[in-house]
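Here is what each chain is made of, one letter per residue.
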Amino acid sequence: MNILFMGPPGAGKGTQAERIVAEFGIPHISTGDAFRLAMKEGTPLGLKAKEYVDQGLLVPDDVTNGIVRERLQQDDCKRGFLLDGYPRTLAQAEALDGMLKESGRRIDHVISLVVDRDMLLKRLTGRRICKSCGATYHILFNPPKQEGVCDKCGGELYQRSDDTEEKVGTRLDEYLSKTEPLLRYYRDQGLLREVNGEQEIDAVTAQITSILKGQAE
Ligand code: ADP
Ligand code: AMP
């Protein structure tokens, strides 16, 4: 099953993706995670991405498409994949269509998580991430059992440098101007399903799972 998760920063894509890939046994491909890893390792890709990520701006399409193209060619994607945070522009969506067509694949489901702006601000500024395993928490809405420590692996939790109030504003503006118009592209193809991302985490997972299993009304 080939799935896209869309929605603004903070909508819950990563949180839900962790759960859905565990259930469906497919790889979770997050372009944001790929850029953060490259930035941490200081590779040429990381240095290029840093110029944009640090400002809350989208990384140019050719750079982003290149990493997705390479990732989708790996063997573990043969059984399916979950793309989280890609595509984010029309040019990326068209590039993805081309990549999939070349290998005889197609998108099965596009899930869009819907959350309003005030809630996104609260979610992003309170988000914490495990340095070791990447699990996502929230200081109020989804806190770890012990402050600053990952429940799953005992790793240290940190705050992303782009989760500050000023950068969050730029990131949400980027979403509205460049990514939100894409919803129409997938709606017109009959692929888009909107899910209320303001429900409890478990309720969101249940709704996505039933859509993917074809059980939603
Ligand atoms: P995205 O990947 O879309 O940017 P995340 O999954 O990282 O979003 O979620 C952003 C923040 O909101 C995290 O701190 C996460 O713990 C929290 N969160 C995610 N889903 C929910 C939810 N349904 N209710 C409350 N908080 C949530
Ligand atoms: P995320 O982890 O999805 O919030 O992404 C973090 C940052 O990585 C974004 O603010 C962008 O700078 C960059 N990024 C992630 N995915 C993309 C994409 N598909 N296109 C362009 N930039 C991206």
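Residues numbered from 1 in each chain as written. Chains lettered and ligands numbered in written order. Predicted model: local features only at pLDDT ≥ 70, side-chain atom pairs only at ≥ 80, totals over all residues. Heavy atoms only, no water.

By the naming in an unreviewed UniProt entry, the protein is Adenylate kinase, taken from Thermobacillus composti. Per UniProt, the protein carries the Subunit (unreviewed entry) text "Monomer." UniProt annotates the protein under Catalytic activity (unreviewed entry) with the comment "AMP + ATP = 2 ADP". (UniProt positions renumbered as here; feature names shortened; annotations may be inferred.)

1. Describing the layout of surface pockets
Computed from the structure, the second largest pocket encloses a volume of approximately 320 Å³. Of all the elements in the fold, those that place two or more residues in the lining of the second largest pocket are strand S2 (28-30), helix H2 (31-41) and helix H4 (61-72). Ranked by the residues each element gives to the lining of the second largest pocket, the list is headed by H2, at six residues. Here the residues of the lining of the second largest pocket are counted per class, giving seven nonpolar, five polar and four charged. (1 Å grid on protein atoms, 1.4 Å probe; cavity = no way out; pocket = protein on both sides within 12 Å on 5 of 7 lines; lining within 4 Å. Points joined across faces, edges and corners; volume = space filled by probe spheres on them. Helix = DSSP H or I, 4+ residues; strand = E, 2+ residues; numbered from the N terminus. Nonpolar A, V, L, I, M, F, W, Y, C, P; charged D, E, K, R; others polar.)

2. A look at the pattern of salt bridges
Enumeration according to the criterion identifies 18 salt bridges in this entry. Between Arg 127 and Asp 163 there is a salt bridge whose closest N-O contact spans 2.9 Å. On the criterion of sequence distance, the pair formed by Arg 127 in strand S5 (residues 127-130) and Asp 163 in the loop between strand S7 (157-158) and helix H7 (165-179) is long-range, its members being 36 residues apart. You'll find Arg 127 and Asp 163 in the same group, each marked buried. Where Arg 171 meets Asp 162, a salt bridge forms, and the shortest distance between an N and an O atom there is 3.8 Å. (Salt bridge = Lys/Arg side-chain N within 4 Å of Asp/Glu carboxyl O. Buried < 20%, exposed > 50% of the residue type's maximum accessible area, 1.4 Å probe, protein only.)

3. Structural notes on the site of ligand 1
Near ligand 1 there are 19 residues, and of these Gly 10, Gly 14, Thr 15, Arg 127 and Tyr 137 occur at the shortest range. For ligand 1, an oxygen atom lies 3.0 Å from a polar atom in the backbone of Gly 12. Between Arg 127 and ligand 1, the recorded distance is 2.6 Å, taken from a side-chain N or O atom to an oxygen atom. Protein chains shield 92% of the accessible area of ligand 1, which is 560 Å² for the free molecule. Among the elements of the structure, helix H1 (13-24) and strand S6 (136-138) are those that each provide at least two residues to the shell around ligand 1. Here the residues of the shell around ligand 1 sort into six nonpolar, nine polar and four charged. (Near = heavy atom within 4 Å. Polar contact = N/O pair within 3.5 Å; in protein donor to acceptor, adjacent residues only side chain to side chain. Areas by Shrake-Rupley, 256 points an atom, 1.4 Å probe, with all protein chains shown as cover.)

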